[in-house]
Amino acid sequence: MAHSFHSLAFFCSSILIFKLIILHQSALAWSWGPDVPPTQGFVSLPFNRSYYHIQKPYDVPEDQRYCFIDGVHKCWVYSTDKPHTTTSQTLPRTEIAIQGYNYSSGVWEFEAYGYVPKGTSGVCIMQVFGASAPYATTLMLRVYNGSLTYYTAPVLVPNIYDKWFKLNVVHDVDAAKVRVYIDGCLKIEADGRGGTSHAFKCGVYAQMNDSCYMESRWKHIKILRKCGPFFCLSFLIFQLTDLQHLALAWSGGSDVPPTKGFVSLPFNRSYYHIQKPYDVPEDQRYCFIDGVHKCWVYSTDKPHTTTSQTLPRTEIAIQGYGYSSGVWEFEACAYVPNGTSGVCIMQVFGATPPHASTLMLRVYNGSLTYYRAPVLVPNIYDKWFKINVVHDVDAAKVRVYIDGCLKIEADGRGGTSHAFKCGVYSQMNDSCYMESRWKDIKILRKC
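What counts, and at which threshold
Residues numbered from 1 in each chain as written. Predicted model: local features only at pLDDT ≥ 70, side-chain atom pairs only at ≥ 80, totals over all residues. Heavy atoms only, no water. Helix = DSSP H or I, 4+ residues; strand = E, 2+ residues; numbered from the N terminus. Buried < 20%, exposed > 50% of the residue type's maximum accessible area, 1.4 Å probe, protein only. Contact = heavy atoms within 4.5 Å. Areas by Shrake-Rupley, 256 points an atom, 1.4 Å probe, with all protein chains shown as cover. Core = buried A, V, L, I, M, F, W, Y, C linked by side-chain atoms within 4.5 Å. Pairing = 2+ DSSP bridges. Axes fitted to C-alpha atoms, helices over the stretch in contact; angles between N-to-C directions. Phe/Tyr/Trp six-rings, centres within 6.5 Å; stacked < 30°, edge-to-face > 60°. Lys NZ or Arg CZ within 6 Å of the ring centre and 35° of its normal. Salt bridge = Lys/Arg side-chain N within 4 Å of Asp/Glu carboxyl O.

A. Inspection of the overall build of the chain at higher detail. Broken down by element type, the chain carries two helices and 30 strands. Residues counted as buried form 51% of the 447 residues belonging to the chain. Contacts in the chain between residues at least 24 apart in sequence constitute 69% of all its contacts with a sequence separation of at least 6. With an accessible surface of roughly 20400 Å², the chain has 56% of that area assigned to carbon and sulfur atoms.

In C-alpha cells form, the structure reads like this:
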C-alpha cells in the first residue's frame, strides 16, 4: 500500500508539473503577440462520439456515407444525394456536427488535420454554424478546383489536394472575429456574422458547381476554449489543493467528497435548453432570476412536443454534455416547495428499452425517492439541499449523494447515450401544480 501511494504521489506530482508548464505557456500567450501558436491560452475539452453526430443524406445508412477507421473520419457524398432531413431544402452533405459544444459567448477553437482528395470541388469542408439572418454561417471553408477558400473568395491555399494540412479556426464571439490558420500560419481574420448559438462542423457539404463525388478526411479533432489569466490561476490553485484528494480517492479513502477526482466543465445557457409544454411560451413555465432556475408545470399541461405521449414537464435538459462512456457527475442545490408531489425532479436520461432513464429522483408527499422506492430523504420540502449524482457508464453504476452523504448506489440500465435533466416532470398521482428550483448547477467529469 505504501509503495502504491508513493507511486501515485509521484504520478500526481508529474501531473502538477505538467500543468505548471501549460499554465506558464498560457500566460505567455496572453502577453505575446502574433507569433503565438493558435492554441496557446486555450484548454482542450473532452471529445468523443457523444459530442457529435453525423448529418448525412436521410435515405441512406450512416456507414454508406461515413466511416471512422484507424483514427480517421472519412465523409463522402454525391451531388445526386438527398439532403440530411426530409424537410431540408439544402444541398447534400455528410458532416460531423459537433452539437455537444454549442456556444454563444467566449472564444472557441476547432483544431484538426484535414485531407481533400483530388477531384472534390464546389464543397464546404468546414463551417462555423450559426449567424444572424439572412446568413446561416459565420464561416465556411470551401474547396474549388483544388483551392481552399473563405466562402467563394479569397483563396487561402491554392493547392490543397492529396495532402494532410492542419486547420485551426478561432471564433471570438464577443469581439465578432474569426481567424483561420493553416499549418500554424494565419490566413485570414474576418468579421463575425452575429447569431445567438454556434457550433463547429466538418466534412463535405455541397455548394454551387459541386463535383459528382465529394470527400474529406479528418483526424485529431479537438475543441478548445480560451481561458483568461484569472481562470488559469484559479485552476492552478484548484489543482494544488485537489491532487491530495485525488490521491486519496484513487487509494480507497472512504470520506472523499463526491466531486473529488472530477473536473468541473463550462456551463451556461448554450449547454442546455428548456423542455416545456409546447403550447406556452418559455417564460410562463421557467425563469432564471438571481442565480436561481425556477421550473413549474401543471398536471393539465400539454407534453413538450406535439407528438410526445409523455406527461407534462418543464425540465432543464443539458444536451450540451451528452455522453456515452466515462464517469460523469451532476451537482446542484435544489428546492421543492410544499405540495409538489408525484413528480421527477432530476433524471439521468438514456437507457436500454424498455427503460428510458438510468435514474429518476422523484418526490412523493415530501419524500425524495429513487423512482418509487426506496425513500432517500423523508422530508425534503421547503429547504435547499445539495444533490450529487455520479454515473459510471462503463461500470454500469449510479450513485446519489444528498448533502454529501451517499444515499444509494444502483445498477445502470444500459443505453448508448445519456444526459442529465432537472426540473419537474409529472409522474403518476401528480399534484395539480409542481415546482422545483435549482442553483449552482455543475457538470463534472472524472479525470
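B. Looking closely at the nonpolar core. Counting 98 residues, the largest nonpolar core has Phe110, Met126, Phe330, Ile345 and Met346 as the members making the most contacts within it. Excluding its chain neighbours within four sequence positions, the residues that come into contact with Phe330 are Ile318, Met346, Ile387, Asn388, Val389, Phe420, Cys422, Trp438, Ile441, Lys442 and Ile443.

C. A look at the sheet that holds strand E20 (residues 313-317). The antiparallel open sheet is built from seven strands, whose spatial order is E17-E20-E29-E22-E23-E24-E25. Whereas interior strands pair on both sides, the edge strands pair on one side only; in this sheet they are strand E17 (273-275) and strand E25 (375-377). Averaged over all pairs of adjacent strands, the angle between strand axes in this sheet comes to 25°, irrespective of strand direction. By the bridge criterion, three bridges tie E17 to E20 in an arrangement that is antiparallel. The partner of Gln275 across the bridge, within E20, is Glu315.

D. Molecular detail of the pairing of strand E12 (residues 177-182). Where burial is concerned, most of E12 is hidden: five out of the six residues are buried. Taken together, the six bridges between strand E11 (residues 165-172) and E12 define a ladder with antiparallel strand orientation. The residue of E12 that forms the bridge with Val169 is Val180. Turn length for the E11-E12 hairpin, with the two strands adjacent in sequence and antiparallel, is four residues, and the turn residue Ala176 shows positive phi of about 55°.

E. Layout of unusual backbone geometry. Note the cis peptide between Ala133 and Pro134, where omega equals 15°. Locating Pro134 in the fold gives a position in the loop between strand E7 (123-129) and strand E8 (137-144). Positioned with a positive phi, Asp70 is a non-glycine residue whose angle comes to about 55°. Topologically, Asp70 is positioned in the loop between strand E3 (66-69) and strand E4 (72-78).

F. Structural view of the environment of Leu148. For Leu148, the location among the structural elements is in strand E9 (residues 147-150). For Leu148, a relative accessible area of 0% corresponds to the buried category. The sequence separation of Leu148 and Tyr161 amounts to 13 residues, and the corresponding C-alpha distance is 9.2 Å. Excluding residues within four positions of it along the chain, Leu148 makes contact with Ile125, Leu141, Arg142, Val143, Pro154, Val155, Leu156, Val157, Ile160 and Ile182.

G. Examining the packing of aromatic side chains more closely. Per the counting criterion, the structure on display carries 23 aromatic pairs. On the numbers, 5.0 Å between centres and 90° between planes, the contact of Tyr150 with Tyr151 is edge-to-face. Here Tyr150 falls in the buried class, since its relative accessible area comes to 13%. Looking at Tyr151, the relative accessible area reads 11%, which means it is buried. On the numbers, 5.1 Å between centres and 15° between planes, the contact of Tyr323 with Trp328 is stacked. Just above the ring of Trp76 sits the side chain of Lys74; from NZ or CZ to the centre is 5.2 Å.

H. Broad picture of the sheet that holds E8. The strand order across the open sheet built from seven strands is E2-E5-E14-E7-E8-E9-E10, with neighbouring strands paired in antiparallel fashion. Since the sheet does not close on itself, it has two edges, and those belong to strand E2 (53-55) and strand E10 (155-157), each with one partner. The average angle at which neighbouring strand axes cross in this sheet is 25°, direction not considered. In this structure, E8 lies alongside E9, joined through four bridges in antiparallel fashion. The partner of Leu141 across the bridge, within E9, is Tyr150.

I. Broad picture of the pattern of salt bridges. Considering all chains together, one arrives at 16 salt bridges under this definition. A salt bridge links Arg285 to Asp301, with the shortest nitrogen-to-oxygen separation between them at 2.9 Å. Placement of the pair is Arg285 in the loop between E17 and strand E18 (286-289) and Asp301 in the loop between strand E19 (292-298) and E20, with a sequence separation of 16 residues. Exposure remark for Arg285: the relative accessible area of 9% places this residue in the buried category.

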